[in-house]
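Overview (structure and organization)
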Amino acid sequence: MKELRIDSFGPPADVVRLVEVDEPTPAPGQLLVALEAGAINPSDLLLIQGVYGIRPDLPARLGAEGVGRVVGVGDGVDPARVGERVLVLPTQRQTTWAERTVAAERDLVTVDDGADPLQLAMIGINPMTAHLLLTKYAELKADEWVAQNASNSAVGRYVVDLARLSGLRTINIVRREEAAEALRADGVPNVLVSGPDLVEQVTALLGGEQLGLFVDSLAGSQAGELSGLLRPGSSIVAYSALTGRPHAVPFQQLIFRDIGLRGFWLHTWLTSAPQAEIDSAYRYLAGLVGDGTLSAPVEASYPLEQYAEAIERSAKFRRAGKILLTF
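Rules used throughout
- Residues numbered from 1 in each chain as written.
- Predicted model: local features only at pLDDT ≥ 70, side-chain atom pairs only at ≥ 80, totals over all residues.
- Heavy atoms only, no water.
- Helix = DSSP H or I, 4+ residues; strand = E, 2+ residues; numbered from the N terminus.
- Contact = heavy atoms within 4.5 Å.
- Polar contact = N/O pair within 3.5 Å; in protein donor to acceptor, adjacent residues only side chain to side chain.
- Phe/Tyr/Trp six-rings, centres within 6.5 Å; stacked < 30°, edge-to-face > 60°.
- Buried < 20%, exposed > 50% of the residue type's maximum accessible area, 1.4 Å probe, protein only.
- Pairing = 2+ DSSP bridges.
- Axes fitted to C-alpha atoms, helices over the stretch in contact; angles between N-to-C directions.
- Core = buried A, V, L, I, M, F, W, Y, C linked by side-chain atoms within 4.5 Å.
- Salt bridge = Lys/Arg side-chain N within 4 Å of Asp/Glu carboxyl O.
- Lys, Arg positive; Asp, Glu negative; His and termini not counted.
- Patch = residues over 30% accessible without salt bridge, like charges linked within 9 Å, V, L, I, M, F, W, Y side chains within 5 Å.
- Areas by Shrake-Rupley, 256 points an atom, 1.4 Å probe, with all protein chains shown as cover.

1. What to know about the environment of Arg 93
- Looking at the element boundaries, Arg 93 is found in the loop between β6 (85-88) and β7 (100-104).
- Spatially, the C-alpha atom of Arg 93 lies 7.5 Å from that of Ala 103, the residues being 10 residues apart in sequence.
- Ignoring any residue separated from it by four or fewer positions in sequence, one finds Arg 93 in contact with Arg 106 and Asp 107.
- Separated by 2.7 Å, the side chains of Arg 93 and Asp 107 make a polar contact.

Set out below in structure tokens:
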């Protein structure tokens, strides 16, 4: 079978290789999964470069999330599971840029057999990140306000949809008018383009109310500039740092108004949350994808053999959607 791997860390174009390997055999408690699709995420590219929060031993197989069908089981696993479509969770205990992979039962969630495999393949990281950002850091009630930047990102799109399902109102900040127009065309509400008057723009939308949560993907000073619009005791939650700059929040907000600055990494939740909580959350999101309630744009999908083009395209800053590998 074919799989993607690296023998050294470095630029993805230089170090990723397609290799032929023996098909894995499921050990006791494991299932053999024939992959249908696997998403390419920024975290995958950082891992390949050796600058992610996890640094695997070399040679390293690649790919964190995906979807496929069970084609074999090890001892102790019900043989009736063969044929199930399963979501491969991004626990880093198995990989998905391969024709087949083995995974423990705890790292797989059964999903809708009739749903779009490309949409299912993207559930593992971005929708779950959005779900946890909205539920883990604030007790938000219907009609409360959530603001976010990088709202045209995959996570940003899911935040909008999941907030809407919960009755929350969102303010969605982007850095380019082109991105704002695309979001507005898709029905995303309250889209703003960042600039020197951003605080005034957000204040006008709030109409005297306060934010219950700010979701920050940029780092730098923007969240700090808007922190005065958060209600006392609420949080700024950072899950990325696209600017590469340190997070800057005025001490007056941190100390006198008890504004919290929190970091979020999905891997921490996956390795610390109770298994029942993880399974329940993924089944919830899989159900929303299965019935068409939740989806994200896909710009293109590539067969595994065209991995170089797929990775190159996924690294482009301006894209219309996700890039996936298909098998």
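2. Focus: the packing of aromatic side chains
- All told, the structure shown has 4 aromatic pairs when counted by the stated rule.
- Look at Tyr 52 and Trp 265: their rings are 5.7 Å apart centre to centre, the planes differ by 85 degrees, and that puts the pair in the edge-to-face class. Here the residue Tyr 52 occupies a position in the loop between α2 (42-49) and β4 (60-61), and Trp 265 occupies one in the loop between β14 (260-263) and α10 (266-272), the gap between them amounting to 213 residues.
- With a relative accessible area of 23%, Tyr 52 lands in the partly exposed category.

3. Considering the pairing of strand β1 (residues 2-6)
- With 4 of 5 residues buried, β1 is to be regarded as a mostly interior element.
- Relative to β4, β1 runs antiparallel, the two being bridged by 2 bridges. In the strand pairing of β4, Ile 6 is matched with Ala 60.

4. Considering the sheet that holds strand β12 (residues 211-216)
- Taking strand neighbours across the sheet as the criterion, the 6 strands line up as β11-β10-β9-β12-β13-β14 in an open arrangement whose pairing is parallel. Both outer strands of the open sheet, β11 (191-193) and β14, are each paired with one neighbouring strand and no more. In this sheet, neighbouring strand axes are inclined to one another by 20 degrees on average, regardless of whether the strands run parallel or antiparallel.
- Here strand β9 (residues 145-148) runs beside strand β10 (residues 169-174); their pairing, made up of 4 bridges, is parallel. In the strand pairing of β10, Trp 145 is matched with Arg 169.
- Contacting β10 and β11, helix α6 (residues 177-185) runs over the sheet at an angle of about 175 degrees to β11.

5. Overview of the environment of Asp 7
- Relative to the assigned elements, Asp 7 resides in the loop between β1 and α1 (12-15).
- Taking the C-alpha atoms as reference points, Asp 7 and Gln 201, 194 residues apart in sequence, are found 49 Å from one another.
- Those residues in contact with Asp 7 that sit more than four places away from it in its chain are Val 15, Arg 17, Leu 58 and Pro 59.

6. Focus: the nonpolar core
- Counting residues in hydrophobic clusters, the biggest one holds 48 residues, and the most contacted among them are Leu 266, Trp 269 and Tyr 282.
- The set of elements that each furnish at least two residues to this core consists of β3 (30-39), α3 (117-121), α4 (126-135), α5 (154-165), β12, α10 and α11 (275-290).
- Element by element, the count of residues in this core is highest for α11, at 7 residues.
- Residues contacting Trp 269, with those up to four places away along its chain left out, are Met 128, Leu 132, Lys 136, Glu 277, Ile 278, Ala 281 and Tyr 282.
- Residues Leu 45, Ile 48, Trp 97 and Ala 310 belong to the second largest nonpolar core, which totals 19 residues.

7. Describing the pattern of salt bridges
- Taken as a whole, this structure holds 18 salt bridges when the rule is applied.
- Here Arg 100 ties to Glu 23 by a salt bridge, and the two come within 3.2 Å at their closest N and O atoms. A residue pair is termed long-range when its members are at least 10 positions apart, and Arg 100 in strand β7 and Glu 23 in the loop between β2 (16-20) and β3 qualify at 77 residues.
- The class of Arg 100 is partly exposed, set by a relative accessible area of 28%.

8. What to know about the side chain of Asp 44
- For Asp 44, the position within the fold is in helix α2.
- Lacking a salt bridge, the buried Asp 44 has Lys 322 as its closest oppositely charged neighbour, with an N-O distance of 7.2 Å.
- Sequence-distant contacts of Asp 44, defined by excluding residues within four places in its chain, comprise Ala 39, Gly 63, Ala 64 and Trp 97.

9. Considering a nonpolar patch on the surface
- On the surface, Phe 251, Leu 254, Ile 255, Phe 256 and Leu 261 cluster together into a nonpolar patch covering about 520 Å² of accessible area.
- Of the residues forming the nonpolar patch, the biggest block, 4 residues, is contributed by helix α9 (residues 251-256).
- Note that Phe 251 resides in helix α9.

10. Some details on the sheet that holds β1
- In space, the 3 strands of this open sheet follow the order β2-β1-β4, with antiparallel pairing throughout. The open sheet has two edge strands, β2 and β4, and neither has a second partner.
- Two strands pair when backbone bridges link them, and β1 and β2 are joined in this way by 5 bridges, in the antiparallel orientation. Bridge pairing in β2 places Glu 3 opposite Val 19.

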